[in-house]
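Residue-level structural notes
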Amino acid sequence: MSRILLLGGTGEARQLAQRLASHHELTYSLAGRGRIPELPCPVRLGGFGGAAGLAAFLDEGGFELLIDATHPYAARISTNAQSAAQQAGIPLWAYRRPPWQPISGDDWRMVHDWSEVGMAIAGFRRPFFTMGLEPLQHVDTIPPGQRWLVRCLARRPSAPALIVLAAVGPFTLEQELALMRAYRIDVLVSKNSGGSAIVAKLSAARRLGIPVVMLERPPLPPADYTFSAIEPLIAQLISPAWMPCSFRSITITSRHST
Ligand code: NAP
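Here we summarise the structure given alongside this text. (Residues numbered from 1 in each chain as written. Predicted model: local features only at pLDDT ≥ 70, side-chain atom pairs only at ≥ 80, totals over all residues. Heavy atoms only, no water.)

**Considering helix α1 (residues 11-20)**
Rules: Accessibility here uses a 1.4 Å probe with only protein chains present; expressed as a share of the type maximum, an area under 20% marks a residue as buried, one over 50% as exposed, and anything in between as partly exposed. Only DSSP runs of H or I with at least four residues qualify as helices, and only runs of E with at least two residues qualify as strands; both kinds are numbered from the N terminus onward. Here, the arc refers to the directions that run from the helix axis to the C-beta atoms. Residues count as neighbours in contact if any of their non-hydrogen atoms are within 4.5 Å of one another.
Within the sequence span of α1, burial applies to E12, A13, L16, A17 and L20. Projection of α1 onto a plane perpendicular to its axis shows the buried side chains occupying an angular sector of 145°, all on one side. Contacts from the buried residues of α1 go to β1 (3-7), β2 (25-30), β4 (65-68), β5 (92-95) and α7 (230-238).

**Some thoughts on the site of the ligand**
Rules: Residues are labelled near a given molecule or strand when at least one of their non-hydrogen atoms is within 4 Å of it. In the analysis that follows, any N or O atom pair within 3.5 Å is treated as a polar contact, provided that within protein one partner can donate a hydrogen and the other can accept it, and provided that, for residues neighboring in sequence, both atoms belong to side chains. To be clear on the numbers: accessible area is Shrake-Rupley with a 1.4 Å probe, and residue cover counts the displayed protein chains and nothing else. In this count, Pro and Cys sit with the nonpolar residues alongside Ala, Val, Leu, Ile, Met, Phe, Trp and Tyr, while Asp, Glu, Lys and Arg are called charged and the others, Gly among them, polar.
If you check the shell around the ligand, you find 21 residues, and the closest are S29, R33, F48, G49 and K191. One of the side-chain N or O atoms of S29 is found 2.7 Å from a nitrogen atom in the ligand. Contact distances for the ligand include 2.6 Å between an oxygen atom and a backbone N or O atom of F48. Alone, the ligand offers 810 Å² of accessible surface; in the complex the protein occludes 77% of this. Broken down by secondary-structure element, the contributors of at least two residues to the shell around the ligand are β2 and α3 (75-88). At four residues, the largest contribution of residues to the shell around the ligand is made by α3. Residue composition of the shell around the ligand, grouped by class: seven nonpolar, ten polar and four charged.

**Comments concerning the pairing of β1**
Within a regular beta strand, the side chains point alternately toward one face of the sheet and then the other, so they alternate between its two faces. Just so we agree on the cut-off: Note: two strands are recorded as paired if DSSP finds a minimum of 2 bridges between them.
Within β1, four of the five residues are buried, which leaves the element mostly enclosed by the surrounding structure. Taken together, the five bridges between β1 and β2 define a ladder with parallel strand orientation. Paired with L6 across the two strands is Y28, which belongs to β2. Two elements, β1 and β4, share four bridges in a ladder whose sense is parallel. The residue bridging I4 from the neighbouring strand is L65, located in β4.

**Description of the packing of aromatic side chains**
Selection criterion: Working definition: rings of Phe, Tyr and Trp (its six-membered ring) pair if their centres are within 6.5 Å, and the pair is stacked with planes under 30 degrees apart, edge-to-face with planes over 60 apart, and tilted otherwise. The criterion is that NZ of a Lys, or CZ of an Arg, lies within 6 Å of the ring centre and within 35 degrees of the ring normal, and then a charge sits over that ring.
Taken as a whole and assessed by the stated rule, the structure comprises eight aromatic pairs. Plain terms: the ring middles of Y225 and F227 are 5.9 Å apart, the flat faces sit at 25° to each other, and that makes the pair stacked. Both residues of the pair, Y225 and F227, count as buried. Chaining the aromatic ring pairs together yields one cluster made of F48, F57 and F63. Between R44 and the ring centre of F57, over which it is positioned, the NZ or CZ distance is 5.0 Å. The ring of F171 has R151 sitting right over it, with the charged end atom 3.7 Å from the ring centre.

Right, dumping it as structure tokens:
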């Protein structure tokens, strides 16, 4: 049994916690802004106070391994995780969800930040935003003739040029098609979150011939081990050959993807 801190906030992180809790002394960490899952291990809420705070938490708690299974757009905590693991002298493992890839029939327009989103949707009348809360910070820039549909976790009042849908996936293809048709959406704006829970919006956009303005992922720091699926990560940690001291020396010096 090893003492492990798991940085979560994703469906895969919850699965890791469920599968690893009986094998290790696991603590699941959340920023604390969303729902708190029921898990068979302690759940701690709230930030650590930057990389130094996280390093101190790892040290004081006697953690032997840090696992970063946060969302691919949560770049600050991933950057802090790398620095904190180094400061605490323990290995960092990362689960990085593979991004979606465009397929034949897709019309993806890649953008890097909000200003590029604004330019990319300029010629459209009814954009559908599925990129979290950020569009709500820019509602005063909605140009005449444009009406935004924003789907996010927060409940906010709608306005003549703004409809806010508070909803949590997963969503089916039928639901996405019905929604896009009902609001006569002509462009979809999305993060490249990856995974299966909310991918149906891309299939719906393809089916309806709607372009997708896709926000590129932020760069994330390297980890000692990077996994693109959770099964190999679980297999490593529940293997009978698992030895905390050997994994320390192996993972600190080697970097590869599984
Ligand atoms: P972020 O910008 O990378 O992090 C902001 C700050 O929140 C961090 O510096 C840290 O505070 C705290 N924090 C973030 N994740 C934490 C965790 N798992 N445990 C403890 N503290 C955490 O992250 P974000 O984009 O705001 O996302 C917040 C959380 O929501 C993440 O855990 C992420 O997995 C989840 N999430 C994010 C998205 C997204 O699109 N960004 C989507 C779905 C879920 P301190 O510096 O004080 O330690």
